[in-house]
Every structure is written in C-alpha cells, then in structure tokens.
Amino acid sequence: MSDIPQERRVVTAIPGPKSQELQQRRLAAVAAGVGSTLPVFTARVDRGIIEDVDGNRLIDFGSGIAVTSVGASAEAVVRRASAQLQEFTHTCFMVTPYEGYVEVAEALAELTPGDHAKKSALFNSGAEAVENAVKIARAYTKRQAVIVFDHGYHGRTNLTMALTSKNMPYKQGFGPFAPEVYRVPVAYGYRWPTGAENAGPEAAAQAIDQITKQVGADNVAAIIIEPVLGEGGFIEPAKGFLPAIRQFAADNGIVFVADEIQSGFCRTGQWFACEDEGIVPDLITTAKGIAGGLPLAAVTGKAEIMDAAHAGGLGGTYGGNPVACAGALGAIETMKELDLNAKAKEIESTMKARLTAMQEKFPAIGEIRGRGAMIAIELVTDPATKEPDPAAAAALAKACHAEGLLVLTCGTYGNVLRFLPPLVIGQDLLNEGLDIIENAFAAL
Ligand SMILES: *Cc1c(COP(=O)(O)O)cnc(C)c1O
C-alpha cells in the first residue's frame, strides 16, 4: 500500500526527464488514438497525491476520471483484493460462481434508491453496463427505441457512441452508429434561451413533445440520462426536469435508466445523484467509483425488469471478476467507514466558496456548478454573450499542470474545467490546489 506524504512537490519540469523518456517509448508502441491528459508517468498514488517517476508529487483533482474516490491505494481495497488474489483470480461467474459477486449485488440492492426488490448483473466497464441496460430494457418492454439527451455521454463502444452526444473526439470517423437512438433536449440552465428558471419545465416539455411526435412513446424501451451530466460539462439538469422525465417514463411503460457511472458512489455527496430530487430509477448503471480503481460495472434495478432477459443472454467472460468484486466491497466499506458522502459535501463547500470569490475577480468564469466533489467552472470570453472559451480552459489546465495540480477539462464546447478530487483528499491539499487555480487565472 502506498504511503506518500500529502504534500505537493515539483522537482523537475513537468513532465520530467524520466516521463519524457517513457513518453517516447509510449509514442512508438501505443496507438495514437489513446490520448493522455498529462504525459507524466505514475509511480505511486496515495489519497490526494500522484507521485511520478521523476519524484514529483502532483495534487490530484481528477481521481482517474472520478474513479478513485476512496484513493488509488485504499487500505480496505488493497487488503481485500490482495486476499482474493491469493485464493483465485478467475473462474468466470457463468461457469462456477463465487460469493463476492453475490455480495456486491446485495450491496447494490441496499445502496441504490428505492425499496423495491432489486437484482444486479456485473460487467467490466461503464459502456458495457449501459449496453446491457439497453438489452434488458428491450427484453422487458419488447420495444426498440432508446432516448438520450443533448450533452449526454455513455461510452465508446458502438451502441454507446450512438448514445453519446459529442462528435469529436468520441464518434468522428467511427460510424455507422447503432439505429433506434433518439436525442432530445436537456435542461442546461446556463445556456437555456429563456433563462435558467424556465429551463426545467420548458426542456421537459420539448423533450416529451419530441418523443411523442417523432418516436412514439409506445416504441420507446428506455430513457437514459445522467442525473449530473459528466463529460458534457457537469450539467445539473434544472430543477423539475428529471422528475418530469421520470414521470413520463412511468406513465408510458418506458424503462427509466439513471446512468450514475460518473455521479454515483458518494461523488455528489449522496450515494447516487438522483436521490437529490427523490428520483427512483427503474435501472441504474454504475462503474467508475464502485471498486477503488479496479474494473467493475453494474446494472441494478427492479427485479422483474432485470429478470426479463433469458438465461445466458447477459454476462461476459470477465464480468464481475472476483478481484474487482473484492475491491468493490473494500471501496464500499471505506465509503461507509469514512462517511465519504459528508466528505464530498465538505469539498463542495470549500470549492464553491473559493470559486465564487474567484468569479468576482475573473469574469471568464461564466458559471460554477456541480455537487459534492463533482464541481466545474464553465469558461466564457464574456459573461454577457456566454461565448464558450475552450482556449482559456486549455491554458488554465496547462498552467495548473506545470505547477503540479492535475485538473481535467470537459464539456460539449471544451470550455469547462472540472474538479474531481479523491474524497479522501486533505483540506490543505484542496486549498493549495485552489490557490494554484487562482494564480493560473491571475496569470491568464
Ligand atoms: C465514463 C462514463 C461511461 C463509460 O464508462 P467506461 O468505463 O469508460 O466504459 C458511461 N457513462 C458515463 C456517465 C460515464 O461518465
């Protein structure tokens, strides 16, 4: 288990000479289509610090894209996964099952919203979970159409590319895409033409009108939405939007799927972000934060829906790997023991207070949004026109990286800086990271 002093340390240029050497090897051996935010090669990670091969210690505001919420070397994850490694690495749950898989399914039934009977199926990646949610919804409803939303992101496989809104870099040149996917408006308050206060009801009315007029509610198997849109720019659908869409699904026999792959598992200060508006989804997809960095994903939902697919229709060689399941049980244990929902809320209040103060000085910050430890700022050239400023986002990220703070960008317009610190980050590192962001703005 890593035990690194929780202090930033920059001892070389970033990336340093050893990272640059590895980067040369990587460029020769790894496909160009696989990018990296920052070509700093990792040596060890502990809580809020990533130590690189040159001995630099970076503050982590990325968590490997919202994955290592409990840290990337959490004691309970390492302990349980190591113990499982000693016993067996794999049998394939579809050949001879094991208890860890069942325990994860039981934990998901307990933690996800709603007190109905629930079942789960486990997979390896978020995209795979979303694909399987569609398979299950189609088997249950005997319908084909799938509704998704503007700015939505659901993965990089063929079906999930079709479900994803943004062309570049996710879809460009990779078509044709899967059919029977229809995209409708989402309540993006900051950019809603008649103002944020109208976005919820107006966007819901438009979305429902498009579904009924263009697709036909009776043809729709599933409506899939991220309760806080992740890659699209940490967009929180304006109040009232999610309940209206959820109700429309219920009224029309449509399976409502909450894609909580990024927003779930304490990230927003709740076990799941849809709890904030009292939404109980029919199915929920999870991955990322679920297993402390080990590859695991799940579809969890109403038992009668989950049981609609015939035996053998769901699964995969590695789905619910025993080491990943042990990691998930360790991650969930850590979330409960350290009350990481409360930690996420503390991170939110620290970040929002500091960012709000910065917004008064730096008009490029058009909006501060998000919940818990899923916070973003949308950058604009002018707050009056709200013209997206992707160059500012890139420049700020670059300036932060040079100082040893790892931040990520996102958003349909590439103009959003997003902050996803591990929930176990210390308050000092959090504040130091915010100092670096503030200095980067001042230098912009
Ligand atoms: C990351 C993400 C996915 C895809 O997960 P992978 O593990 O990368 O396949 C799907 N949906 C959402 C909301 C995500 O953030």
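Only a predicted model underlies this, so the values are computations on that prediction, with no experimental measurement involved.

### Observations concerning the environment of Val228
Checked against the element boundaries, Val228 lands in the loop between strand S7 (220-225) and helix H8 (241-251). The sequence separation of Val228 and Thr268 amounts to 40 residues, and the corresponding C-alpha distance is 8.8 Å. Excluding residues within four positions of it along the chain, Val228 makes contact with Phe234, Ile235, Glu236, Pro237, Ser263, Thr268, Ala273, Arg371 and Met374.

### Details of the pattern of salt bridges
Evaluated as defined, the whole model comprises 24 salt bridges. Linking Arg44 and Glu51 is a salt bridge whose minimum nitrogen-to-oxygen distance equals 3.1 Å. Given a relative accessible area of 30%, Arg44 falls into the partly exposed group. Looking at Glu51, the relative accessible area reads 11%, which means it is buried. In this structure, Glu438 engages Lys361 in a salt bridge whose closest nitrogen and oxygen atoms are separated by 2.5 Å. Of the two residues, Glu438 is situated in helix H13 (residues 427-443) and Lys361 in helix H11 (residues 340-361); the sequence distance between them amounts to 77 residues. Taken together, the shared-partner salt bridges in this structure form one network comprising Glu75, Arg79, Arg80 and Glu333.

### Describing the site of the ligand
The immediate surroundings of the ligand are formed by Ser125, Gly126, Ala127, Tyr153, His154, Gly155, Glu226, Asp259, Ile261, Gln262 and Lys288. Within the contact set of the ligand, an oxygen atom lies 2.8 Å away from a backbone nitrogen or oxygen of Gly126. Contact distances for the ligand include 3.4 Å between a nitrogen atom and a backbone N or O atom of Tyr153. Contact with the protein chains removes 82% of the 380 Å² of surface that the ligand exposes when unbound. Taken together, the residues of the shell around the ligand break down into 3 nonpolar, 5 polar and 3 charged.

### As for unusual backbone geometry
Here the bond from Met168 into Pro169 is cis, since omega is 10 degrees, no more than 30 degrees from zero. Among the structural elements, Pro169 can be located in the loop between helix H6 (158-163) and strand S6 (181-184). In this structure, Ala66 takes a positive phi of about 65 degrees despite not being glycine. By relative accessible area, Ala66 is classed as buried at 2%.

### A look at the domain arrangement of the chain
Often, the extent of an interface is quoted as the loss of accessible area on bringing the components together. Domain parsing of the chain yields domain 1 (17-73 + 339-443) and domain 2 (75-337). Overall, the association of domain 1 and domain 2 removes approximately 3,200 Å² of surface from exposure, summing both partners, and the carbon and sulfur fraction of that is 52%. The three residues of domain 1 that bury the most area against domain 2 are Asn341, Arg371 and Met374, which together make up 24% of that side's buried surface. Our count for the contact surface shared by domain 1 and domain 2 stands at 4 salt bridges. Here Arg191 ties to Glu378 by a salt bridge, and the two come within 2.6 Å at their closest N and O atoms. The tally of links between domain 1 and domain 2 comes to 26 residue pairs in polar contact (both at pLDDT 80 or more). The element best represented in the side of domain 1 that touches domain 2 is strand S11 (residues 365-371), accounting for 5 residues. The residue makeup of the side of domain 1 that touches domain 2, split by class, is 20 nonpolar, 13 polar and 8 charged.

Cut-offs used in this document
- Residues numbered from 1 in each chain as written.
- Predicted model: local features only at pLDDT ≥ 70, side-chain atom pairs only at ≥ 80, totals over all residues.
- Heavy atoms only, no water.
- Helix = DSSP H or I, 4+ residues; strand = E, 2+ residues; numbered from the N terminus.
- Contact = heavy atoms within 4.5 Å.
- Salt bridge = Lys/Arg side-chain N within 4 Å of Asp/Glu carboxyl O.
- Buried < 20%, exposed > 50% of the residue type's maximum accessible area, 1.4 Å probe, protein only.
- Near = heavy atom within 4 Å.
- Polar contact = N/O pair within 3.5 Å; in protein donor to acceptor, adjacent residues only side chain to side chain.
- Areas by Shrake-Rupley, 256 points an atom, 1.4 Å probe, with all protein chains shown as cover.
- Nonpolar A, V, L, I, M, F, W, Y, C, P; charged D, E, K, R; others polar.
- Domains from an automatic or database assignment.
- Buried area = accessible area lost by both parts, 1.4 Å probe.

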